[in-house]
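Per-entry structural report
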Amino acid sequence: VRVGLRVNWAIPIERGWVVCNFIGALFMVPCVALLAPLKVQSLGLSAAWLGGCEAGMSLGLLVGSLGPAAWWARAHGRFGARVGGAALTGLALALAGFTGDARVLVACFAVVGVCAATTTLVGKTHRMLARPLAYRARMSAAAIMTIQVSQTLGPAIAGIALTHWSVRVVYVVFGLLSAASALGFFLVPGFRAFMALEHAEVDGWYGKRYPGAFEALRGA
């Protein structure tokens with residue numbers, strides 16, 4: 001993990017990717033894990049509607065992975081699909097927090113599922129191929145660890161916010177902040193051009209583009 005963190009931080013694209021994912025998960029995860037049951041409860045709905053939200057998101061993930069994610073990437077490019085998927089996820093969650101209609105709530109989670117399939121699948125192959133083979137496990141471990149930290153901090157921040165504001169307010173704000181985090185990808189140097197490369201071009205790209213990030217860690 002230590003080596004992975006050092007390498008990830010030394011590569012601008014990877015550093016920006018990790019930071020954007022960290023911030024996005026910080027606000028997205030509480031909307032799905034903590035705030036969803038509180039939202040259902042605040043509307044006076046039965047637990048069956050919470051199950052409906054979870055089923056809607058799972059169905060969205062399945063449907064998204066079967067075609068829409070690939071179509072989105074072809075229609076708008078990998079960069080557009082990755083950023084658009086992350087932004088739409090946040091907006092759907094904000095609507096879930098705002099609505100008082102149970103059917104709209106379930107529909108929002110279905111949209112989140114489709115978007116999650118897109119953000120997970122689009123760019124993942126690029127990211128893995130770009131990492132030198134000897135560092136893939138270490139760089140992946142470091143990236144996963146940062147997400148786990150984010151998933152721990154997010155609910156804690158949401159819990160503190162709930163002591164001051166209503167579920168609806170906190171939910172909407174967290175959804176909008178999650179959507180706003182997607183804009184960070186516009187600030188990541190070279191990210192758009194990187195996502196436009198073909199798979200054959202991106203294989204081992206980090207090692208070729210940023211050899212200095214790995215030289216000091218040879219043999220680690």
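Now for a description of the structure that goes with this document. This structure is a prediction, so every number in the text was calculated from the model and none was measured. (Residues numbered from 1 in each chain as written. Predicted model: local features only at pLDDT ≥ 70, side-chain atom pairs only at ≥ 80, totals over all residues. Heavy atoms only, no water.)

Our next topic: the overall build of the chain. A count of helical and extended segments in the chain gives 13 helices and 0 strands. Each helix and strand of the chain, placed in order from N terminus to C terminus, yields the pattern α-α-α-α-α-α-α-α-α-α-α-α-α. Its C-alpha radius of gyration of 18 Å places the chain within 12% of the 17 Å reference for a compact globule of 220 residues. Taking all 220 residues of the chain together, the buried fraction comes to 45%. By sequence separation, contacts in the chain at least 24 residues apart represent 83% of the contacts at least 6 residues apart. With an accessible surface of roughly 10600 Å², the chain has 69% of that area assigned to carbon and sulfur atoms. Here the chain carries 18 positive and 7 negative side-chain charges, and the mean point of each set is 5 Å from the other. (Helix = DSSP H or I, 4+ residues; strand = E, 2+ residues; numbered from the N terminus. Rg over C-alpha atoms; globule rule 2.2 N^0.38 Å. Buried < 20%, exposed > 50% of the residue type's maximum accessible area, 1.4 Å probe, protein only. Contact = heavy atoms within 4.5 Å. Areas by Shrake-Rupley, 256 points an atom, 1.4 Å probe, with all protein chains shown as cover. Lys, Arg positive; Asp, Glu negative; His and termini not counted. Charge placed at Lys NZ, Arg CZ, Asp CG, Glu CD.)

Formed by 31 residues in total, the largest nonpolar core has its most connected members in F194, W205 and Y206. At the level of secondary structure, the elements contributing two or more residues to this core comprise α1 (2–10), α2 (12–33), α5 (68–98), α10 (191–196), α12 (205–209) and α13 (212–215). Considering each element in turn, this core owes the most residues, 7 residues, to α5. Setting aside anything within four residues of it in sequence, one finds Y206 in contact with I11, I13, E14, W17, R127, A130, R131, P132, M139, F194, P211 and F214. Judged by nonpolar contacts, the second largest core, of 22 residues, contains A36, V40, C53 and Y171. (Core = buried A, V, L, I, M, F, W, Y, C linked by side-chain atoms within 4.5 Å.)

Note that G60 resides in helix α4 (residues 47–65). For the pair G60 and V112, spaced 52 residues apart in the sequence, the C-alpha separation amounts to 7.0 Å.

Attention now goes to the state of the cysteines. By the definition in use, this model includes 0 disulfides. Looking at C31, it has no disulfide partner, and the nearest cysteine sulfur is the one in C108, 11 Å off. On the basis of relative accessibility, which here comes to 0%, the residue C31 falls in the buried class. C53 supplies the cysteine sulfur nearest to C108, a cysteine that is in no disulfide, at a spacing of 8.8 Å. Using a relative accessible area of 5% as the deciding quantity, one classes C108 as buried. (Disulfide = S-S within 2.5 Å.)

To continue, consider α5. Helical periodicity: at 3.6 residues per turn, an α-helix aligns residues three or four positions apart in one direction. Spanning 31 residues, α5 covers only 26 Å between terminal C-alpha atoms, well under the ideal 45 Å at 1.5 Å per step. Bending of α5 peaks at approximately 120° at the position of G77. (Expected span 1.5 Å × (residues − 1). Bend = angle between axes of the 7 residues up to and from the residue.)

Remember, this is a structural readout, not a statement about activity or role.
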